[in-house]
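Fold and geometry: a report
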Amino acid sequence: MTTKTPTAPAIDLNSIRPLVAANYLGSIGALTIVILPGIVGVIADSLQLGPAQVGLVMSADIITMAVAMGITAFVIHKCNWRVVAVAALAILLAGTLLSIQADSYQSMVIARLLAGIGEGMSVSVAFAIFGGTRNPDRQFGIYLVVILSVAASMLYFIPALLASGGKAYVFAVISLLVAINFIFIHWLPVSHGEEHRSLTREEQSLPYVLVGLGLATVFLYFMAQGEAWAFMERIAADAGLPGQTIGNSLALSNIGGIAGALIAALVSIRFGRAWPIIISAVISIYGLVLLSGDINTLSFGMATMCYLFAWNLTQPYFSGIMAELDPKGRVVVMMGAVQTAGLGLGPGVVGMMVRDNDFSVVSILGIVLILLSLITVMSLLYLKQKQHIHRPPA
């Protein structure tokens, strides 16, 4: 995988084609995460799995994705990105096709483990490209708008696909989306190129304390997101909401996510990063409080919309912070690995904590994790300001 990068004309990472290709590649890689409630419902209903089993299936997928991203983080600056992307899509396609055939808990775990490897490699290439642009906060915000738009469509149609052909139809559509991605591979840059080298600080070692605080923040925050997002469909189903109503609410909730990502993309760091992060934490906690009460169509819709709004307002700012700590792209890809690990661990942990379909633990754990992440990120921003770390001019 660490093949020598050939000499080639540099591609401007800020131009349209590489950004389009990176957005598609990253969206396909992270699709399972953004449609997690729908996928949880598909697997649980098709294979008749309980909360603990389905939580472990999805944790296997997402944690494998995190491991793949973590490994890729150490070599991404040496690899041919097109080769990595082709390998990633091939592995992801194989795992998705195996998910169609999986007819047991064990076989589904194996299929999702394989898919997770391809997902992690795909997102790694996309994150390296976004982190190397002149305004990573904005590019990560645009990326979230793209992926949430795809997710909204998928979540809306999942109940109908499941009713028509079971999980086979759902994973067949995902397989098609993966296959189409091969068309855009030649738009990707081969490597960082001259454009990225103008942004690097080869002579400066990594600020390890800040990196550690950043990775801790990302892990805590995304564990909160994963444990709540994965079980939202189950919470609504347990409250007696019809399947299509749940699907509609989850699809419409992406409007909130798109709004949060758009605000991050348009506002960027005009008002700094601290206030948007604090505001999003408050909104996220409000969504969790709604989930812990009496669930009806309105309260469930409000909870999911608030949650996705806050999640996608925060993520571009976290990504921007980590990109500034190391413009070579290693830290922002490692951030992707850590956030994915948090997302993957969350469903497994909370799935084992649920007793007798009492999902109140989802809200309690989520609030605690969000508050802890707020403490670590504010400490990071304070220390970062004292050390005067900022993005070098392009």
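Higher on the page you've got the structure.
Described below are features of the structure shown in this document.

How each quantity is defined
- Residues numbered from 1 in each chain as written.
- Predicted model: local features only at pLDDT ≥ 70, side-chain atom pairs only at ≥ 80, totals over all residues.
- Heavy atoms only, no water.
- Helix = DSSP H or I, 4+ residues; strand = E, 2+ residues; numbered from the N terminus.
- Rg over C-alpha atoms; globule rule 2.2 N^0.38 Å.
- Buried < 20%, exposed > 50% of the residue type's maximum accessible area, 1.4 Å probe, protein only.
- Contact = heavy atoms within 4.5 Å.
- Areas by Shrake-Rupley, 256 points an atom, 1.4 Å probe, with all protein chains shown as cover.
- Axes fitted to C-alpha atoms, helices over the stretch in contact; angles between N-to-C directions.
- Left-handed = near helix turned anticlockwise from the far one by under 90°.
- Nonpolar A, V, L, I, M, F, W, Y, C, P; charged D, E, K, R; others polar.
- Core = buried A, V, L, I, M, F, W, Y, C linked by side-chain atoms within 4.5 Å.
- Phe/Tyr/Trp six-rings, centres within 6.5 Å; stacked < 30°, edge-to-face > 60°.
- 1 Å grid on protein atoms, 1.4 Å probe; cavity = no way out; pocket = protein on both sides within 12 Å on 5 of 7 lines; lining within 4 Å.
- Points joined across faces, edges and corners; volume = space filled by probe spheres on them.
- Parallel < 35°, antiparallel > 145°, perpendicular 65-115°, else oblique.
- Expected span 1.5 Å × (residues − 1).
- Polar contact = N/O pair within 3.5 Å; in protein donor to acceptor, adjacent residues only side chain to side chain.

Describing the overall build of the protein
Helix and strand counts for the protein stand at 15 helices and zero strands. Relative to its length of 394 residues, the protein is compact, with a C-alpha radius of gyration of 20 Å against a globular reference of 21 Å. Of all 394 residues assigned to the protein, the portion counted as buried reaches 60%. Counted over contacts in the protein with a minimum sequence separation of 6, partners at least 24 positions apart contribute 88%. As presented, the protein carries roughly 14,800 Å² of accessible surface, and 68% of it is formed by carbon and sulfur atoms.

Section: the packing of helix H7 (residues 136–165) against helix H13 (residues 297–325)
Between H7 and H13, the least distance of the axes is 8 Å, while the angle of their chain directions is 140 degrees. Of the two possible hands of crossing, H7 and H13 adopt the one that is right-handed. Counting all contacts with H7, which are made through Pro136, Asp137, Phe140, Gly141, Leu144 and Leu148, the residues of H13 involved are Asn312, Gln315, Pro316, Tyr317, Ser319, Gly320 and Ala323. Looking at side-chain class alone, the contact of H7 with H13 contains seven nonpolar, five polar and one charged residues.

Concerning the nonpolar core
In this structure, Ile35, Ile43, Phe127, Ile174 and Phe300 are the most contacted members of the largest nonpolar core, which totals 130 residues. The element best represented in this core is helix H10 (residues 208–238), accounting for 17 residues.

Brief notes about the packing of aromatic side chains
If you walk through the whole model with that rule in mind, you get twelve aromatic pairs. Measuring from centroid to centroid gives 6.1 Å for Phe127 and Tyr143, while their planes differ by 85 degrees, and the two rings are edge-to-face. One end of the pair, Phe127, is in helix H6 (residues 105–131); the other, Tyr143, is in helix H7, and 16 residues separate them in sequence. We note that Phe127, like Tyr143, is buried. Consider the rings of Trp229 and Trp311, whose centres lie 6.2 Å apart with planes at 85 degrees: the pair is edge-to-face. With Trp229 in helix H10 and Trp311 in helix H13, the pair connects residues that are 82 residues apart, well separated along the chain. Taken individually, Trp229 and Trp311 each receive the classification buried, so the pair is uniform in this respect. Linked through ring pairs, Tyr221, Phe222, Trp229, Trp311 and Phe318 together constitute an aromatic cluster.

Concerning the side chain of Ser284
Mapped onto the fold, Ser284 is located in helix H12 (residues 274–291). Once you skip the residues sitting within four places of it in the chain, Ser284 turns out to touch Gln225, Tyr307, Ala310 and Ile370.

Considering empty space enclosed by the protein
Counted under the stated rule, the structure contains four cavities of 30 Å³ or more. Taken as a whole, the largest cavity encloses approximately 180 Å³ of empty space. Along the wall of the largest cavity there are 19 residues; nearest its centre are Ala30, Ile33, Val34, Trp311 and Gln315. Put simply, the parts of the chain that give the lining of the largest cavity at least two residues each are helix H2 (31–34), H6, H7, H10, H13 and helix H14 (330–353).

A word on the packing of helix H5 (residues 81–101) against helix H8 (residues 167–181)
The interhelical angle for the contact between H5 and H8, taken along N-to-C directions, is 165 degrees, at an axis separation of 8 Å. One element, H5, and the other, H8, form an angle in the roughly antiparallel class. Pair H5 / H8 crosses with left-handed handedness. For the pair formed by H5 and H8, the contact residues are Leu89, Leu92, Leu93, Thr96, Leu97, Ser99, Ile100 and Gln101 on the first element and Lys167, Ala168, Phe171, Ala172, Ile174, Ser175, Val178 and Asn181 on the second.

Here's the deal with H13
Between its first and last C-alpha atoms H13 spans 43 Å; for 29 residues at 1.5 Å apiece the expected length is 42 Å, and the two agree. Counted residue by residue, H13 has 25 buried out of 29 residues, so it is predominantly covered. At the N-terminal boundary of H13, the capping side chain belongs to Asn296, with an oxygen 3.1 Å from the backbone nitrogen of Leu298.

Describing unusual backbone geometry
For Gln48, which is not a glycine, the phi torsion comes out positive at approximately 55 degrees. Mapped onto the fold, Gln48 is located in the loop between helix H3 (36–47) and helix H4 (51–73). Classification of Gln48 by relative accessible area gives exposed; the value is 65%.

Observations regarding the environment of Gly116
Inspection of the secondary structure assignment puts Gly116 in helix H6. Residues Gly116 and Ala236, 120 residues apart in the sequence, show an inter-C-alpha distance of 27 Å. Residues within four places of Gly116 in sequence aside, it is in contact with Asp61, Thr64, Met65 and Ala68.

As for the environment of Leu36
Within the fold, Leu36 resides in helix H3. Under the relative-accessibility criterion, Leu36 is labelled buried at 1%. For the pair Leu36 and Pro189, spaced 153 residues apart in sequence, the C-alpha separation works out to 30 Å. When residues no more than four places from it in sequence are discounted, the contact partners of Leu36 are Met58, Ile62, Gly226, Trp229, Ala230 and Pro347.

Description of the side chain of Ser363
With respect to the secondary-structure elements, Ser363 resides in helix H15 (residues 360–386). You can call Ser363 buried: its relative accessible area is 4%. With near-sequence residues (within four places) excluded, Ser363 lies in contact with Leu288, Leu291 and Ser292.

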